[in-house]
Amino acid sequence: AAGDAVVWALEREAFRHLVIANRMKAFEQKKDFACKVPIFQDLSNEEIATVVELLDTEDYSEGEAIIEQGEIDDKMFIIESGEAYAAISGAEGEVIVKEYTRGDFFGEIALLLGTPRAATVYAKGDCTCLYIDRETFRRVLGPIQEVLKRNVGSYQQYADAIQQADDMEKTEQEKEDRASSKENDGATQVGRRRGVAAEKVTQEATITIVEKSEEDKQSLRELIRKTSDARMKICFGFLSDEALETVVSALAHRDVPSGELIIKQGDQGDFFYICKTGKFEFIKDEVAVGSCGPGMGFGELAMLYSHPRAATVKAAEDSTVWALDRQTFLVIKAGLVTAGQLASRSESAAVELPSEDGKAEETAAASAASKMAALKEKIAEDFKRPSLVTPCEKFVIESANFQVFGKVSPSQKFKMDKELEIRGNMVDVGSAEDALNTWGKKYSWKIDHGLKGAVVGGTLCQKGQKSADDPTPNQDNYCITVVQQAVIYGVCDGHGPFGHLVSYRLVQSVPHFIVKSSKWPKDIEGALKEGFLAAQDDLKQFSKTEELNLDASGSSGTFMVHIHNALYFAWIGDSRVTLGSWNRKAPGLKWESAEHSPGLPTEKERLLATGKGDVIEDFPGHWRLNIKGANYPGLTMSRVFGDFACEQLGVIAEPEQAHFLVQPADQWYVILASDGIWEFLESEKAIELTNKKLRMKGPVDSTKFVTDAARRRWEAMEGSYCDDITCIMLQLNMEDKNAASVETSLFL
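Residues numbered from 1 in each chain as written. Predicted model: local features only at pLDDT ≥ 70, side-chain atom pairs only at ≥ 80, totals over all residues. Heavy atoms only, no water.

Further remarks concern the pattern of salt bridges. All chains considered together, the criterion is met by 31 salt bridges. Note that K697 is salt-bridged to E64, the shortest N-O span being 3.5 Å. Highlighted residues: K697 in helix α17 (residues 683-697) and E64 in the loop between β1 (56-60) and β2 (65-67), separated in sequence by 633 residues. For K697, a relative accessible area of 11% corresponds to the buried category. The exposure class of E64 is buried, given its relative accessible area of 6%. Ionic pairing is found between E99 and K124, a salt bridge with its closest N-O pair at 3.8 Å. You can see E99 sitting in strand β4 (residues 93-100) and its partner K124 sitting in strand β6 (residues 120-133), a full 25 residues away along the chain. On the accessibility criterion, K124 (38% relative accessible area) is partly exposed. (Salt bridge = Lys/Arg side-chain N within 4 Å of Asp/Glu carboxyl O. Helix = DSSP H or I, 4+ residues; strand = E, 2+ residues; numbered from the N terminus. Buried < 20%, exposed > 50% of the residue type's maximum accessible area, 1.4 Å probe, protein only.)

Below is the structure:
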């Protein structure tokens, strides 16, 4: 203290108790709301808890439409706080037909059918709603009509809808059956990139089997094949009959006494468990979030990814489980084990499963801590070299009216915004205290883009979190460059030890080389191609000059040029761009870029033509590129900046391209985003979530909203791990009373 002072103090333990109590209160409150919804009343306690965990939250302001008459969607809403009212439009205008207060619900029929809304529901003052959509409910608990059939006599008001939903389900199943009967030799992009490091699964791998009774074997076969448990389906839904027999043979029996923590949150896990008898509780941040009983699985994240446990699992009573370790699972999945490689083990022998705590774990923790310290030291050294972390003057674009790109900043924490380098003769024209409801600074310029309305954009670039003590800088970056009548937008997502340095250089070099091209601005596609290839060459020279090994460090890159009424897109890797419509009568996804996976037929053909690489399918739809006969580098992209070790394998930096002409009245919008958005959020879902929000609140709130939605999915799937997230959202033909029709505005 610099002088006499008085402080208030709060003990850590007391703080934790307060946090836990508040979380429990919020959970119970949501549970009470859900229990009041008639179509949820026949769910078990476990199923209700699952629904509560899946409920998303959205805030609405006075007069904002929560649902709109005539629109088709699949969400049911519960008023968490505030009030709302329903109105029906007719010949005499809108008539209020119902009012809603805290705990009331509406739109439940949408969980059954995608029929047009019969009324518009408006927020009456500030209002917060919980909601769940049909696909989310179905993915976890199955079709809602199957739930209602448990006590169909209580739901006569839904009888017709239940029958229609059944008919729709059968029709969809028939379509899927017909589709699956057709042979398709192309790769399907189902899996998503989790990292660039390959799992080591060798041809010499063996699996130890555990002898068990024929009764147990048959029980396991039926359980795995007929399961409706989502976690079981994720791990075993792809198995062939032969692979299933191997899994059944490899599953080991284990007794778990009441009170034992079979999984601890934050630990590095290597086992997937199937509850045989008893009951287990799921506890996250010391709050009970669910439970499971016989026939249900848990620990799937450890099975699919080398990932810390997302929750603690405690035996609520004396229980038994079947256990499968990660390495065995990967070997089975890769199809590397034959019957002759299975080593038999008598069930009468003691089954010693490696503990998920103890000395081995302590050794692993010490090793991890040592690596973390070394990484911190290396990053600190990088920041002592100005040539790596300060803007490169040779990339200054003299003809640019405005230029912005992200800096590389040390010591950033989870969710911290990227610091920006802003250049040019444009100034902040005022903070966003207007109808756009936003944060930050507003920059505007006048360009003849041939549209009736203004172009308004929101930007966001925030650090992710690989661990609680993550020392790495934000490896995402973005740039915006205004050159005469054109605007260049770009998003880069770095990976590898020097990914942050690669993306930092690219957001400066790519715009520079695009504008420097002899093809600019008459041949935009030619300029984009030359710009990408020149930036790749510059990276090579940069790595030599600065003695940086970029063999396993690189970046994806997605860029857009908006000139007059044309949108030109160029991209490599997995930073995706989508084009959607925010028009009230015809909202939806118009187009999305395709990610460059090694498994795509044309990409795979080019890669294998070198004769130097192997394209490996980790699991259905998820592909990696390795050096022939080796298990590295495991690159999940076939086009990328950097990653020079993979050039000999056919990896290129030449972009794929597309362009669109925007008509004067087209109500379109663009989302350019890094993989932090797209990892667990498909393009169609992102457009579905944002098109109405865009109409009501504008692109800045919508940018934040889709980022929050993506981050909630990261938390649900990956626990505390979350990728860096970058998103640029541009709304075309926005009716902004504060902007001229030829104006483009960005909020940074």
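Moving on from the model shown.
We now examine the packing of aromatic side chains. Under the criterion given, the structure shown has 18 aromatic pairs. Between Y85 and Y122, the aromatic rings sit 5.5 Å apart at their centres with planes inclined by 35°, giving tilted as the arrangement. Of the two residues, Y85 sits in strand β3 (residues 75-90) while Y122 sits in strand β6, which places them 37 residues apart along the sequence. Lying over the aromatic face of Y60, K693 brings its terminal NZ or CZ to 5.5 Å of the ring centre. Here the basic side chain of K693 rests over the ring of F705, its NZ or CZ set 5.0 Å away from the ring centre. (Phe/Tyr/Trp six-rings, centres within 6.5 Å; stacked < 30°, edge-to-face > 60°. Lys NZ or Arg CZ within 6 Å of the ring centre and 35° of its normal.)

What follows concerns the pairing of strand β24 (residues 566-572). A large share of β24 lies buried, amounting to 7 of its 7 residues. Burial along β24 is two-sided: A566, Y568, A570 and I572 facing one way and L567, F569 and W571 facing the other are all buried. Where strand β23 (residues 554-563) meets β24, 7 bridges bridge the pair, whose relative direction is antiparallel. Following the sheet pairing, M560 is matched in β24 by F569. Here β23 hands over to β24 after 2 residues, with H564 in that stretch at a positive phi of 55°. Bridge analysis of β24 against strand β31 (residues 656-661) gives 6 bridges, and the strand direction is antiparallel. When the sheet's bridge partners are listed, Y568 is paired in β31 with H659. (Pairing = 2+ DSSP bridges.)

Moving on, we come to the sheet that holds strand β8 (residues 252-256). Adjacent strands of a sheet form backbone hydrogen bonds with each other and so pair up, either parallel or antiparallel. Spatial strand order, β8-β15-β10-β13: 4 strands in an open sheet with antiparallel pairing. A strand with exactly one partner marks an edge of an open sheet, and here the two such strands are β8 and β13 (297-298). Pairing geometry for strand β10 (residues 271-277) and β13, over 2 bridges, is antiparallel. When the sheet's bridge partners are listed, Y273 is paired in β13 with F298.

Let us look at the side chain of T128. Tracing the chain through its elements places T128 in strand β6. Residue classification places T128 among the buried positions, given a relative accessible area of 14%. When near neighbours in sequence (up to four residues on either side) are disregarded, T128 contacts T57, E58, D59, I78, I79, E80 and S81. (Contact = heavy atoms within 4.5 Å.)

Here we come to the sheet that holds strand β14 (residues 312-315). Spatially, β9-β14-β11-β12 is the arrangement adopted by the 4 strands of the open sheet, whose pairing is antiparallel. Edge strands, defined here as strands with exactly one partner in the open sheet, are β9 (261-263) and β12 (287-292). This sheet shows a mean twist of 35° between the axes of neighbouring strands, independent of strand direction. (Axes fitted to C-alpha atoms, helices over the stretch in contact; angles between N-to-C directions.)

Before going further, it helps to examine the packing of α17 against helix α18 (residues 699-718). At a closest axis distance of 8 Å, the pairing of α17 and α18 adopts a crossing angle of 150°. It follows from the interaxial angle that α17 and α18 lie roughly antiparallel. Between α17 and α18 the crossing geometry is right-handed. For the pair formed by α17 and α18, the contact residues are K685, A686, L689, T690, K693, L694 and K697 on the first element and P699, D701, S702, F705, V706, A709 and R713 on the second. (Parallel < 35°, antiparallel > 145°, perpendicular 65-115°, else oblique. Left-handed = near helix turned anticlockwise from the far one by under 90°.)

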